[in-house]
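# Descriptive structure summary
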Amino acid sequence: MNFFGPYRRSPESIAKFGEVNLDWGDYFTAQGKPAFNSEEGVQAVQDMLDLMQYAPDPLGSDYGETLEAFSKGMVAMVPQWTACLASWKESPQLQPFEEKVGVALMPGGVPVSGGWGLGINASSKNKEWAFRFIQYATSKEGDTIQWLKYRIGPTRQSVVVDPQVVTDSPWLQEVYVASLNGASHRPRIPEEPKLEDVFVGVLSEILLGQQPNTVETLNAVAEEWERALRK
Amino acid sequence: MKARTSRKKITGFLMILPLLIVFIGLTLYPFGYMIFMSFFRYSLASWEKPEFVGIDNYREVFRDRTARSSVDFTLLLLVTAVPLEILLGIGIAFLFRDSLGEKVFRSVLLIPMMVPAVVAGIAWKMLYNFEFGPINYFLTLLGGEKISWLGTQFFSRLGVILIDVWQWTPFVFLVIYAGLQSIPRDVVEASLVDGARGFTALRYVELPLLRPLIWVVLIIRVIDALKLFDIVYMVTFGGPGSATHSYSFYIYKVGVSFGWDIGYASALSILLLIAITILTNLLFRFLRFRETLEL
């Protein structure tokens, strides 16, 4: 979930920071400088602070525990990828599933895109077979099976409008298209994991009340980001 | 005669050669390579070749707030968990010596040490679970509030310390208990004849005899505490934020999990090695280890 996205993509922010660059993502200006150390960034963190009261254990829950909280019916909403729908369908607390569980566009309309990568190793002995597998896995047929059986989000628009898929999941098309239109992307740079780690550390301290939610606090993160990028 | 001696030497050398090769390949070479890499900027996440940066990686450690936080937590662990383990281990060893059901207690007490850290980590994570964890369940039964064991700095740090104490107190107990069995009975009996009673015999006769073992245990636990990784990885993954990053866990994050930054991770590792060497040497001197062990 990208809390900063809706602010970053507002007309005012576009004028201030420039268009979102696909390589740098929402957290940077068009020129590759941190953009979150601003009033808009403070507001995005404030949104997180405001939402904390609705989570059972916001900073103590890991990915698996958020899935569990939803499957036990303890929380009303959870930002998630699509694959967990397959396991939730079996949860006794979520029955009847079709009546109790729905999927909607992420609040703010700016979900984070995620995907799988398929590649062939240069030293592979069966490059031809590997290529054929990739062809099949990414074909309309493969994509349809992945969605219908395992709820892995489709990568082809043709699958989304396929009559079999529409009958199975009538909500998919609307949410899918809206999500794609608003999708934000993580920075496509090697330093991304490091930047994320730095931000998570300070963000947790703000959410724990150990640091104030101010531009100055975010400036310190931005400085660390710039240092990591200079390395 | 000379020829036989040199043949003997060659035979001896050939016999230890396999071990030497393994030692050089698995210990000396990686260690030397780590020192070498600590002067380079080298990230496996990028395609760039290693670039010599001098002591920049070492300078970066002092600017890095997560590194500072991991040092804080590791020192906290050192000054809280280790003394607790030593005191509890000694106390339990004295308590259960010659007691009813001694053998049963001894076996039960060793369980935490025998449980693999991964299993212990998963079990403790379930115990600490905010909604479903037994600890919070009993707390609410007793009229208390649920505690966010893994969601606040204080409790997540306390949680890791408690696990470390739970896991390693049995080790201290085992060593001290074995030491107690080896104290000559006649020495203790002589002290009793001389009028020493209860705590006096313990304080002036048994504890001094156990001192070499206590020092050994202390040094082992100090080194282990400085290297703590598994429990942090399994239970908190360093969180919330960087509250429970142990220094070793941070090295792992930099070098593997989030950074692939081999140069910086190497510099962090070298500093850890230096810290362990200095600390153990200080302990050796402070505790007059050599005199105690009559080395």
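Residue positions within a chain follow its written sequence, with the count starting from 1. Written order decides the labels, with chains lettered from A and ligands numbered from 1. Reporting in this predicted model follows two pLDDT cut-offs: at least 70 for local features of residues, and 80 or more for side-chain atom pairs to be given and counted; totals over whole chains, interfaces and linings ignore these cut-offs and use all residues. Values reported for side chains reflect all heavy atoms of the structure, with hydrogen atoms and water molecules removed beforehand.

As a further point, take the overall build of chain B. Along its length, chain B carries 13 helices and two strands. Values of the radius of gyration come from C-alpha atoms, whereas the globule rule sets the reference at 2.2 Å times the count of residues to the power 0.38. For chain B, the C-alpha radius of gyration of 24 Å lies well beyond 19 Å, the compact-globule estimate for 295 residues. Here the C-alpha coordinates of chain B stretch approximately 80 × 75 × 30 Å along the principal axes. Relative accessibility thresholds used throughout: buried, under 20% of the residue-type maximum; exposed, over 50%; partly exposed, between the two (1.4 Å probe, protein chains only). For chain B, buried positions account for 42% of its 295 residues. Two residues form a contact once any of their heavy atoms are found within 4.5 Å. Long-range contacts, defined as pairs at least 24 residues apart, comprise 67% of the intrachain contacts of chain B with a sequence gap of at least 6. Charged-residue counts in this description rest on Lys and Arg as positive and Asp and Glu as negative, His and the chain ends being excluded. To locate a charge, the coordinates of NZ of Lys, CZ of Arg, CG of Asp or CD of Glu are taken. Side chains of chain B carry 27 positive and 21 negative charges; the gap between the two charge centres is 9 Å. For helices the rule is a DSSP run of H or I covering at least 4 residues; for strands it is a run of E covering at least 2, with both sets numbered from the N terminus onward.

Moving on, we come to the packing of aromatic side chains. Any two rings among Phe, Tyr and Trp, with Trp reduced to its six-membered ring, count as a pair given centres within 6.5 Å; such a pair is stacked if its planes are under 30 degrees apart, edge-to-face if over 60, and tilted if neither. Applying the stated criterion across every chain yields a total of 32 aromatic pairs over all chains. Seen from their ring centres, Phe 199 of chain A and Trp 225 of chain A are 5.8 Å apart, and the 75 degrees between their planes marks the pair as edge-to-face. Of this pair, Phe 199 of chain A sits in helix α12 (residues 192-207) while Trp 225 of chain A sits in helix α13 (residues 215-230), and the two are 26 residues apart along the sequence. One exposure class covers both Phe 199 of chain A and Trp 225 of chain A, and it is buried. Above the ring of Trp 129 of chain A, the side-chain terminus of Arg 132 of chain A is found at 5.8 Å from the ring centroid. The ring of Tyr 204 of chain B has Arg 203 of chain B lying over it, and the distance from NZ or CZ to the ring centre is 4.8 Å. Placement of a charge over a ring requires the Lys NZ or Arg CZ to be within 6 Å of the ring centre, with the centre-to-atom vector within 35 degrees of the ring normal.

When the parts of a complex come together, some accessible area is lost, and that lost area is often taken as the interface size. Taken together, the contact between chain B and chain A spans 26 residues of the former and 24 residues of the latter. Values labelled buried area give the accessible surface lost by two parts on being combined, using a 1.4 Å probe and summing over both. The junction of chain B with chain A conceals about 2,200 Å² of combined surface from both sides, 48% of it contributed by carbon and sulfur atoms. Per-residue buried area on chain B facing chain A is highest for Arg 65, Phe 132 and Phe 258 of chain B; these three make up 26% of the total on that side. Note on definitions: salt bridges are taken to be side-chain nitrogens of Lys or Arg within 4 Å of carboxyl oxygens of Asp or Glu. Summed over the shared surface of chain B and chain A, the number is five salt bridges. The salt bridge partner of Arg 65 of chain B is Glu 205 of chain A, with a shortest N-O separation of 2.7 Å. Those elements that place two or more of their residues in the side of chain B that touches chain A are α2 (56-63) and α11 (247-257) of chain B. Here the element with the most residues in the side of chain B that touches chain A is α2 of chain B; it accounts for three residues.

This next bit is on the confidence of the model for chain B. Per-residue confidence for chain B gives a mean pLDDT of 89; residues scoring 70 or more make up 97%. Note: pLDDT gives the predictor's confidence per residue, expressed from 0 to 100. At the level of individual helices and strands, chain B shows its lowest average pLDDT in helix α13 (residues 289-292) of chain B, which scores 64, and its highest in helix α6 (residues 134-141) of chain B, which scores 95.

Right, let's get into the domain arrangement of chain A. Residue and element names in this part refer to chain A. Domain delimitation in this document rests on an assignment produced automatically or drawn from a domain database. In terms of domain boundaries, chain A breaks down into domain 1 (5-110 + 186-230) and domain 2 (127-181). Taken together, the seven residues of domain 1 in the interface contact ten residues of domain 2. Of the roughly 690 Å² buried where domain 1 meets domain 2, counting both sides, 65% is carbon and sulfur surface. Three residues stand out in domain 1 for area buried against domain 2, namely Thr 82, Val 103 and Leu 105, and they jointly supply 55% of the buried area on that side. Scanning the region where domain 1 abuts domain 2 turns up zero salt bridges. Polar contacts, as counted here, are pairs of nitrogen or oxygen atoms within 3.5 Å of one another; within protein the pair requires one atom able to donate a hydrogen and one able to accept it, and residues that are adjacent in sequence qualify only if both atoms are side-chain atoms. Between domain 1 and domain 2 we count three residue pairs in polar contact (both at pLDDT 80 or more) in total. Gly counts as polar in this scheme, as do all residues outside two lists: the nonpolar Ala, Val, Leu, Ile, Met, Phe, Trp, Tyr, Cys and Pro, and the charged Asp, Glu, Lys and Arg. Residue composition of the side of domain 1 that touches domain 2, grouped by class: six nonpolar, one polar and no charged.

Next up on the list: the environment of Ala 178 of chain A. Mapping Ala 178 of chain A onto the fold places it in helix α11 (residues 172-182). Here the alpha-carbon distance between Ala 178 of chain A and Ala 104 of chain A, two residues 74 residues apart in the chain, equals 9.5 Å.

Our next topic: the packing of helix α3 (residues 39-51) of chain A against α12 of chain A. Residue and element names in this part refer to chain A. Here an angle of 0 to 180 degrees is reported between the N-to-C directions of two axes, which are lines fitted to C-alpha atoms, with helices fitted over the stretch in contact. Two elements in contact, α3 and α12, have axes separated by 10 Å at closest approach and are oriented at 55 degrees. Classed by the angle they form, the pair α3 and α12 counts as oblique. As α3 runs across α12, the sense of the crossing is right-handed. Between α3 and α12, the contacting residues are Val 45, Met 48 and Leu 49 on the first element and Leu 203, Ile 206 and Leu 207 on the second. Taken together, the residues of the contact of α3 with α12 sort by class into six nonpolar, no polar and no charged. Orientation categories follow fixed angle ranges, with anything under 35 degrees roughly parallel, anything over 145 roughly antiparallel, 65 to 115 roughly perpendicular, and all other angles oblique. Take the far helix as your reference; a near helix turned counterclockwise from it by less than a right angle gives a left-handed crossing, and one turned clockwise gives a right-handed crossing.

Mapped onto the fold, Thr 74 of chain B is located in helix α3 (residues 65-96). At a separation of 2.6 Å, a polar atom in the side chain of Thr 74 of chain B contacts the main-chain carbonyl oxygen of Ser 70 of chain B.

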